[in-house]
Amino acid sequence: MNEKLSPHDSKKNIQLITPCVNPPKFTKYWKAIFYAGIAAGIFSTAAQIILWWLFWDALPSILYRDIRFTAAMIFGQAVLQIPATFDWELALIAACIHFSLSIVYAVGLSYLIHCFDRKNSVIIGGLFGLGIFLINMYGFVMIFPWFIETRDWITVTAHLVFGVSAARVYKAFITP
């Protein structure tokens, strides 16, 4: 039988088979990218802290360790010798690095999910988060070997939360 497609159905079918030829223009989507990166950075850090609190008896020293690890990317390995206490300067530098990388990663994710619906964007975002885990924990350790200590299931989960939340926030801002 020959079923008639509604204009909505035919548009949806064309969208599924037509490749996305118009990647997002940064100027048009900068706000969505910025908020996606910042929100995902916050959500992934919150997830990591909650998981540390629930499953490990390591707070706050593990948080201070990660702050020193990140700040050492700028200040060098001497920062790693500082005792596991809170330091405002190191925390500020670590936060700047964390959120800068989060925004850069959100730019990359925005190009990947631009042509997809919300559901598929979230799936792609999760896979993107896992890809970032591999880049961060296996690529960056060639330059910053101290990050080897952070390879664990909680860090994997935090990266997964990053990708999913970045995709959701980005799509929330660009989808009417």
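Residues numbered from 1 in each chain as written. Predicted model: local features only at pLDDT ≥ 70, side-chain atom pairs only at ≥ 80, totals over all residues. Heavy atoms only, no water.

I'd like a description of the pattern of salt bridges, backed by residues and values.
Going through the model one piece at a time under the given rule, you end up with one salt bridge. The residue Asp66 makes a salt bridge to Arg65 at a minimum N-O spacing of 2.7 Å. Arg65 matches Asp66 in its accessibility class, with the two residues each being buried. (Salt bridge = Lys/Arg side-chain N within 4 Å of Asp/Glu carboxyl O. Buried < 20%, exposed > 50% of the residue type's maximum accessible area, 1.4 Å probe, protein only.)

Residues and numbers for the packing of aromatic side chains, please.
Inspection of the entire model under this criterion finds eleven aromatic pairs. For the pair Tyr29 and Tyr170, a centre-to-centre distance of 6.2 Å together with 45 degrees between the ring planes defines the contact as tilted. In this pair, Tyr29 is assigned in helix α2 (residues 26–55) and Tyr170 in helix α6 (residues 153–174), connecting sequence segments 141 residues apart. Accessibility expressed as a relative area gives 14% for Tyr29, which makes it buried. Residue Tyr170 is classed as buried on the basis of its relative accessible area, which comes to 2%. Residues Phe133 and Tyr138 carry aromatic rings whose centres are separated by 6.2 Å and whose planes lie at 75 degrees to one another, so their mutual orientation is edge-to-face. The class for Phe133 is buried, based on a relative accessible area of 8%. (Phe/Tyr/Trp six-rings, centres within 6.5 Å; stacked < 30°, edge-to-face > 60°. Helix = DSSP H or I, 4+ residues; strand = E, 2+ residues; numbered from the N terminus.)

Provide a residue-level description of the packing of helix α5 (residues 118–139) against α6, including the pertinent values.
One way to put it is that α5 packs onto α6 with a least axis distance of 7 Å and a crossing angle of 140 degrees. Viewed along their axes, α5 and α6 adopt a mutual orientation that is oblique. Between α5 and α6 the crossing geometry is right-handed. Across from Arg118, Ser121, Val122, Gly125, Gly126, Gly129, Leu130, Ile132, Phe133, Asn136 and Met137 in α5, the residues of α6 making contact are Thr155, Val156, His159, Leu160, Phe162, Gly163, Val164, Ala167, Arg168, Lys171 and Ala172. Tallied by class, residues from the contact of α5 with α6 come to eleven nonpolar, eight polar and three charged. (Axes fitted to C-alpha atoms, helices over the stretch in contact; angles between N-to-C directions. Parallel < 35°, antiparallel > 145°, perpendicular 65-115°, else oblique. Left-handed = near helix turned anticlockwise from the far one by under 90°. Contact = heavy atoms within 4.5 Å. Nonpolar A, V, L, I, M, F, W, Y, C, P; charged D, E, K, R; others polar.)

Requested: an account of the side chain of Arg68, with residues and values cited.
Note that Arg68 resides in helix α3 (residues 61–75). One buried charged residue, Arg68, forms no salt bridge at all, with the nearest opposite charge on Glu149 at 7.4 Å. Residues within four places of Arg68 in sequence aside, it is in contact with Val79, Leu80, Ile82, Pro83, Ala84 and Leu90. (Lys, Arg positive; Asp, Glu negative; His and termini not counted.)

Tell me about the environment of Leu92, residues and numbers included.
For Leu92, the position within the fold is in helix α4 (residues 88–113). Linking Leu92 and Ala71, residues 21 residues apart in sequence, is a C-alpha distance of 8.5 Å.

By themselves, these figures tell us nothing about what the structure is for.
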